[in-house]
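Listed below, chain by chain, are the residues.
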Amino acid sequence: MHNLQMVDLKRQYQKIKPEIDAAIHQVIDSTIFIGGSEVNTLAAELAAYVGVKHVIPCANGTDALQIALMALGLKPGDEVITPSFTYMATVEVVALLGLTPVFVDVHPDTFTLNVESVKNAITPNTKAIIPVHLYGQCADMEPLMALAQAHNIPLIEDNAQAIGGSYTFSDGRTVKTGSMGTISCTSFFPSKNLGCYGDGGAIFTNDSALAERLKMIANHGQKERYYHEMVGCNSRLDAIQAAILRVKLPQLDGYCSARRAAADYYDAAFAGNPRITTPYRAPNAYHVFHQYTLRLSGVDRDGVQQQLAARNIPSMIYYPVPCHKQGMLKAYNTADAVLPVTNMLNECVISLPIHTELTEEELSYISKNFLEIIG
Ligand SMILES: *Cc1c(COP(=O)(O)O)cnc(C)c1O
C-alpha cells in the first residue's frame, strides 16, 4: 500500500486546488496581507456557521486559549480546572499566565471531562473550567454548564479538535461545538478538521463586552490605534490563511462526514474483537473524528505500533505523556495527582489514520492488517 499517512492534506488540496490557488493569488494581488475584508468576512462566516455573535480570528489555537484566559481578568493563583488527558497547549497557557491548573479525570468512554470530578474539584478559587472536545467529540456540556452557572464560573471550550461537531441538549436543542462556552477557542492548524495552510486560530463568544476585550487583547491592548489600554499580545490570522479558510469552510460538513464514514468502516471491521474497544459515540454528541482512537487490552501496544509501521501503516499515541506528568509543570507537583482513568487511558489508547480522503481500499488494508496484528 502506497504512502499511508495519519492525515493526507495533499489529496484534499488537489480537489480544491483551483479555488485555493485563486484565493491565495487574489490576496497577493490585493496586497492586503493583514486584516482586511478576507479576515473580517471569514469571522462573519464562522460566526454564522458556529452560531455565535462574535468571532475574533487570531494566530493559533494556543493564543486563542491564552487570550480567552486573559480576557477573564484572572489573577495569579486563580485555579483553572482542565483535563490532563489533552494536548499540552490547553494547560500550558494556564501556567504561562501564572494561574494554577487543577486536573480532573476524564470519562473512560468519551475521553472528555468527568462532570462529577469537576464538581469535586471546585473551590472558592476556581475561576475557569476548560472542557476539551477531545478527538472530535463534544464534552457533556449540559451538566457542565449547569454546574458552572451554579458556581458562576466561566467555561472556556477548547474546540480545537471538534469544529463541525455538535451537541444535543435534553430538550432536543442541537447546537454546534464552540457555541456553548462563555468563550470558545479553536485552531486552524493544517491537520485540524478545518485546517489552513499555516497557523491560525479563532475565539468565539456571545458576550459583546468580552468580544471587545478579546479583540483588544489580541491587538496589543488597543481599540484605537496607538492608544494601549491594557497589556495584550500580537495575535493575528493573516489574510492568505483567511482566504484559504473561506474556501474550506463550506467543505467542513463534508469533511466531517468523510471522517465519520471512515470511523464507521473501522468500527464495523473491529466489532466483536475482545482486545479492541472502538470509540464510544455519546448519543448527545455528533462526533467529528479528529482522531480515531481505540483502547487496546491484552496486547503489547509498542509491538503493535512496530508491526503496523513494518506494514507501512502509521499510528500515533495521543498523547504519550499526560499533562500532569509533564516536566513543564514540575513546580505544580501534579505528577502524583489521582487521575486513574487518565493514567489508564494513557497506557492503552492508539490512533489510526483518519482524514477526509481515505479510500475503501486503504481502510480495508489498514483494518485487515491491524486485526492480523492484534490477533
Ligand atoms: C491543536 C490544539 C491546540 C492548539 O492549537 P495550535 O493552533 O496548535 O496552537 C489546543 N488544544 C487542543 C486540544 C488541540 O488539539
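Structure first, text after, so check above.
In every chain, residue numbers begin from 1 and rise along the written sequence. In view of the model being predicted, local features appear only for residues whose pLDDT reaches at least 70, and side-chain atom pairs are presented and counted only at 80 or more, with totals across whole chains, interfaces and linings using the full set of residues. Computation of side-chain values covers all heavy atoms of the structure but excludes hydrogens and water.

## Focus on the nonpolar core
Thinking step 1. In terms of nonpolar packing, the biggest core is built from 35 residues, with Tyr292, Leu352 and Phe370 touching the most fellow members.
Thinking step 2. Of all the secondary-structure elements, those providing two or more residues to this core are helix H9 (252-270), strand S14 (292-296), helix H10 (301-310), helix H11 (340-348), strand S15 (349-352) and helix H12 (360-374).
Thinking step 3. With 5 residues, the single largest contributor to this core is H12.
Thinking step 4. Both domains that furnish three or more residues to this core are identified here as domain 1 (9-250) and domain 2 (252-374).
Thinking step 5. The contact criterion used throughout is that any non-hydrogen atoms of two residues lie within 4.5 Å. Not counting residues within four places of it along the chain, the set of residues in contact with Phe370 comprises Phe270, Ile276, Leu294, Leu296, Val304, Leu308, Ile350 and Leu352.
Thinking step 6. One finds Ile16, Cys196, Ala239 and Leu252 within the second-largest nonpolar core, a separate group that totals 32 residues. Grouping buried Ala, Val, Leu, Ile, Met, Phe, Trp, Tyr and Cys residues that are joined through side-chain atoms within 4.5 Å yields what is termed a nonpolar core. Exposure is judged per residue with a 1.4 Å probe applied to protein chains only, and the accessible area is read against the type maximum: over 50% gives exposed, under 20% gives buried, and values in between give partly exposed. Secondary structure elements are defined from DSSP: runs of H or I of at least 4 residues count as helices, runs of E of at least 2 residues count as strands, and each element is numbered from the N terminus. Just so you know, the domain bounds were taken from an automatic or database domain assignment.

## Observations regarding the layout of surface pockets
Thinking step 1. Counted as a void, the largest pocket has a volume near 610 Å³.
Thinking step 2. Cavities and pockets were defined on a 1 Å grid built from protein atoms only: a cavity is a group of points that admits a 1.4 Å probe but offers it no way out, a pocket is an open group of points flanked by protein on both sides within 12 Å along at least five of seven lines, and a lining residue is one with an atom within 4 Å of any such point. Surrounding the largest pocket, 22 residues form its lining, Gly35, Lys215, Ala218, Asn219 and Arg236 being those nearest its centre.
Thinking step 3. In terms of residues, the lining of the largest pocket owes the most to one element, helix H7 (residues 208-218), which gives 4 residues.
Thinking step 4. As a working rule, the residues Ala, Val, Leu, Ile, Met, Phe, Trp, Tyr, Cys and Pro are called nonpolar, Asp, Glu, Lys and Arg charged, and the rest polar, with Gly in that last group. Each residue belonging to the lining of the largest pocket can be placed in one class, and the counts come to 10 nonpolar, 6 polar and 6 charged.
Thinking step 5. As for the second largest pocket, its lining consists of 23 residues, of which Tyr87, Ser187, Phe189, Lys192 and Tyr319 are closest to the centre.
Thinking step 6. Those elements that place two or more of their residues in the lining of the second largest pocket are helix H3 (61-71) and helix H4 (89-96).
Thinking step 7. Ranked by residues supplied to the lining of the second largest pocket, first place goes to H3 with 3 residues.
Thinking step 8. Looking at the lining of the second largest pocket, its residues break down into 10 nonpolar, 10 polar and 3 charged.
Thinking step 9. Looking at the lining of the second largest pocket, you find at least three residues from each of domain 1 (9-250) and domain 2 (252-374). Grid points are joined across faces, edges and corners, and a volume is the space filled by probe spheres set on the points.

## Some points on the side chain of Asn273
Thinking step 1. Residue position: Asn273 is located in the loop between H9 and strand S12 (276-277).
Thinking step 2. Within the local environment of Asn273, its side chain forms a polar contact with the backbone oxygen of Gly375, the two atoms lying 3.4 Å apart.
Thinking step 3. Residues within four places of Asn273 in sequence aside, it is in contact with Leu371, Ile374 and Gly375. Identification of polar contacts relies on pairs of N or O atoms within 3.5 Å, with a donor-acceptor requirement for protein atoms, meaning one able to donate a hydrogen and the other able to accept it, and with residues adjacent in sequence counted only if both atoms are side-chain atoms.

## Some details on empty space enclosed by the protein
Thinking step 1. This model, assessed by the stated rule, comprises 2 cavities of 30 Å³ or more.
Thinking step 2. Looking at the largest cavity, it is lined by 13 residues, and the ones nearest its centre are Val7, Leu9, Gln12, Lys192 and Arg259.
Thinking step 3. Per-class residue counts for the lining of the largest cavity are 3 nonpolar, 6 polar and 4 charged.
Thinking step 4. Residues lining the lining of the largest cavity come from more than one domain, with at least three contributed by each of domain 1 (9-250) and domain 2 (252-374).

## Things to note about unusual backbone geometry
Thinking step 1. Between Tyr318 and the following residue, Tyr319, the backbone shows a cis peptide bond with an omega angle of 5 degrees.
Thinking step 2. Take Tyr319: it is sitting in the loop between H10 and H11.
Thinking step 3. The phi angle at Thr31 is positive, at roughly 55 degrees, despite the residue not being glycine.
Thinking step 4. In this structure, Tyr135 takes a positive phi of about 65 degrees despite not being glycine.
Thinking step 5. Judged by relative accessible area, which is 2%, Tyr135 ranks as buried.

## A short note on the sheet that holds strand S9 (residues 201-205)
Thinking step 1. One bridge is not enough; two strands pair if DSSP finds at least two bridges between them. One open sheet accounts for 4 strands, arranged S1-S9-S8-S5; its pairing is mixed. The two strands at the open ends of the sheet, each matched to only one other strand, are strand S1 (54-58) and strand S5 (156-158). Ignoring strand direction, the axes of neighbouring strands in this sheet form an average angle of 20 degrees.
Thinking step 2. Two elements, S1 and S9, share 5 bridges in a ladder whose sense is antiparallel. Bridge pairing in S9 places Ile56 opposite Ile203.
Thinking step 3. Only the contacting stretch of a helix is used when fitting its axis, a line to C-alpha atoms as for every element, and angles between N-to-C directions run 0 to 180 degrees. Sitting on the sheet, helix H2 (residues 37-50) touches S1 and S9, and the angle it makes with S1 is about 130 degrees.

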